[in-house]
Amino acid sequence: MTLSWDDAEDIAERLVAAHPDVDPLGVRFTDLRCWVLALEGFSDDPMASSEGKLERIQMAWVEWRDS
């Protein structure tokens, strides 16, 4: 499965697995962007990220962590 910036839920699920002890609300967007880019299957344009997309990923990560 390939991932893009718009796949916030799928990215969040992978971030929970990759960083289980991290509080997503404490992650800087610059670090979050790097972590997303490093995910296996992520193939979107790195320059297509935005604060809004990163925030959606971060909030989805919070929901996955809390569920």
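See the structure shown above.
(A) Representation of the side chain of S49 within the structure. By the element assignment, S49 lies in the loop between helix 2 (29-38) and helix 3 (51-66). Polar contacts involving the side chain of S49 include one to the main-chain carbonyl oxygen of P46, which spans 3.5 Å. Setting aside anything within four residues of it in sequence, one finds S49 in contact with W5 and R33.

(B) The arrangement of the environment of P46 in detail. Inspection of the secondary structure puts P46 in the loop between helix 2 and helix 3. Looking at P46, the relative accessible area reads 36%, which means it is partly exposed. Note: C-alpha distance between P46 and W5 (41 residues apart in sequence) is 8.8 Å. With near-sequence residues (within four places) excluded, P46 lies in contact with W5, R33 and L37.

Calculation criteria
Residues numbered from 1 in each chain as written. Predicted model: local features only at pLDDT ≥ 70, side-chain atom pairs only at ≥ 80, totals over all residues. Heavy atoms only, no water. Helix = DSSP H or I, 4+ residues; strand = E, 2+ residues; numbered from the N terminus. Polar contact = N/O pair within 3.5 Å; in protein donor to acceptor, adjacent residues only side chain to side chain. Contact = heavy atoms within 4.5 Å. Buried < 20%, exposed > 50% of the residue type's maximum accessible area, 1.4 Å probe, protein only.

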